[in-house]
Amino acid sequence: EEAFVVYEKPSGLLVHPQDRHTKYSLIDELKFRYGSEANIVHRIDKETSGLMLCARNKASEKELKKMFEDKCIEKEYLALVHGEVKESFHVQEPLKIFKDKTSSIIRSVVKVDQEGKDSQTYFEPRHYFKEKDMTLLACYPKTGRQHQIRVHLFHVKHSIVGDPIYGTDAATTKKYLDRELSEEERYEKLQASRLLLHANALS
C-alpha cells in the first residue's frame with residue numbers, strides 16, 4: 001500500500017475547513033480519494049500555492065508528522081518581494097500569534113515578539129525584476145511557525161507582493177479580513193490578485 005500522496009495546491013484553496021460555510025477544502029479531496037484514514041501532515045496558508053505532503057494511512061501519518069517535528073524534511077518556497085535583494089540573508093526572530101477579539105470573524109495576526117517562539121528562515125535572491133522593483137527569492141524555513149516567511153519578510157521591509165495582511169495599510173487589511181476587498185481594488189492596492197508565495201520543493 002502506498003504511504004503518501006503529494007498535492008499541488010492552488011492558491012485560494014483552504015487546507016482545512018474554516019467554518020461551516022467552507023464548501024470545499026483539501027482535506028475533503030484527500031478523504032474522498034483515499035478514505036477516512038488519509039490525513040494532512042503539515043499546512044500552508046490558503047493563499048499560498050504549492051506542494052502539500054499528505055498521509056494515506058494512520059501509520060504513515062505518524063511517521064511523516066515525526067519527520068516534520070524532527071526537521072528531516074527540507075522545504076523550499078519561492079516568493080516575489082518588493083524591492084531589490086542583492087545578498088542571501090538569514091532572519092532569526094521569535095514569532096507570536098495575537099488573536100483579534102474585536103471582530104465577529106475569529107482571526108489572528110502573527111508578529112515579531114521577544115516572548116514568541118524561536119523562528120528561523122534563510123533567503124536567497126534568484127532574480128531582480130528592475131522594471132517592477134521586485135526580487136524573486138528562494139525561502140528556506142528552518143522552523144514551521146504560522147505565517148513565518150510572510151512575517152520575516154515584512155520585518156526586513158521586503159514584504160511579499162500581494163500580501164493583504166503583512167505589507168499594506170490597516171484599512172486594506174481590514175477590508176480583506178472582512179471579505180470586502182474587491183478583486184479590482186486588491187490588484188490596484190497590492191499589485192497582484194493573490195499572495196505571490198509558492199511551496200516549490202519538498203525533500
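A few points on the structure. (Residues numbered from 1 in each chain as written. Predicted model: local features only at pLDDT ≥ 70, side-chain atom pairs only at ≥ 80, totals over all residues. Heavy atoms only, no water.)

## Considerations on the overall build of the chain
On a plain count of helices and strands, the chain comes out with five helices and ten strands. A compact globule built from 203 residues would reach a C-alpha radius of gyration of about 17 Å, and the chain, at 17 Å, matches this within 12%. Along the first, second and third principal axes, the C-alpha set of the chain runs to 50 × 40 × 35 Å. Entry remark: accessible area of the chain is about 12,000 Å², with carbon and sulfur atoms responsible for 50%. (Helix = DSSP H or I, 4+ residues; strand = E, 2+ residues; numbered from the N terminus. Rg over C-alpha atoms; globule rule 2.2 N^0.38 Å. Areas by Shrake-Rupley, 256 points an atom, 1.4 Å probe, with all protein chains shown as cover.)

## What about the pattern of salt bridges?
Throughout the structure, instances matching the rule amount to 14 salt bridges. Across the pair Arg-56 and Glu-2 runs a salt bridge whose closest N-O atoms are separated by 3.5 Å. Of this pair, Arg-56 sits in the loop between strand 3 (49-55) and helix 2 (58-69) while Glu-2 sits in the segment before strand 1 (4-9), and the two are 54 residues apart along the sequence. A salt bridge links Glu-115 to Lys-96, with the nearest nitrogen and oxygen atoms 3.3 Å apart. On the criterion of sequence distance, the pair formed by Glu-115 in the loop between strand 7 (107-112) and strand 8 (120-129) and Lys-96 in strand 6 (residues 95-100) is long-range, its members being 19 residues apart. For Glu-115, a relative accessible area of 66% puts it in the exposed group. Sharing partners across several salt bridges, the network here consists of Asp-45, Arg-150 and Asp-163. (Salt bridge = Lys/Arg side-chain N within 4 Å of Asp/Glu carboxyl O. Buried < 20%, exposed > 50% of the residue type's maximum accessible area, 1.4 Å probe, protein only.)

## Observations concerning unusual backbone geometry
Negative phi is the rule for most residues except glycine; trans is the rule for most peptide bonds. With a phi angle near 60°, Lys-71 is a residue other than glycine that sits in the positive phi range. Its location among the elements puts Lys-71 in the loop between helix 2 and strand 4 (75-82). Positive phi is not limited to glycine here, since Asp-133 has a value of about 55°. Within the element layout of this structure, Asp-133 appears in the loop between strand 8 and strand 9 (134-141).

## Comments concerning the side chain of Arg-186
Along the polypeptide, Arg-186 turns up in helix 5 (residues 183-190). Arg-186 gets classed as buried once you look at its relative accessible area, which sits at 7%. Residue contacts for Arg-186: discarding those within four places in its chain leaves Glu-47, Gly-162, Pro-164, Tyr-176, Leu-181, Gln-191, Ala-192, Ser-193, Arg-194 and Leu-195. (Contact = heavy atoms within 4.5 Å.)

## Concerning the environment of Ser-159
Topologically, Ser-159 is positioned in the loop between helix 3 (148-155) and helix 4 (170-177). With a relative accessible area of 10%, Ser-159 lands in the buried category. When the C-alpha positions of Ser-159 and Gly-83 are compared, they lie 8.7 Å apart, and in sequence the two are 76 residues distant. When sequence neighbours within four positions are dropped, the list of residues in contact with Ser-159 reads Val-81, His-82, Leu-153, Phe-154, Tyr-166 and Gly-167.

## A closer look at empty space enclosed by the protein
In the structure shown here, the tally under the stated rule is one cavity of 30 Å³ or more. Of the volumes computed, that of the largest cavity is approximately 30 Å³. The wall of the largest cavity is formed by His-42, Ile-44, Leu-51, Lys-75, Glu-76, Tyr-77, Ala-199, Ala-201 and Leu-202. (1 Å grid on protein atoms, 1.4 Å probe; cavity = no way out; pocket = protein on both sides within 12 Å on 5 of 7 lines; lining within 4 Å. Points joined across faces, edges and corners; volume = space filled by probe spheres on them.)

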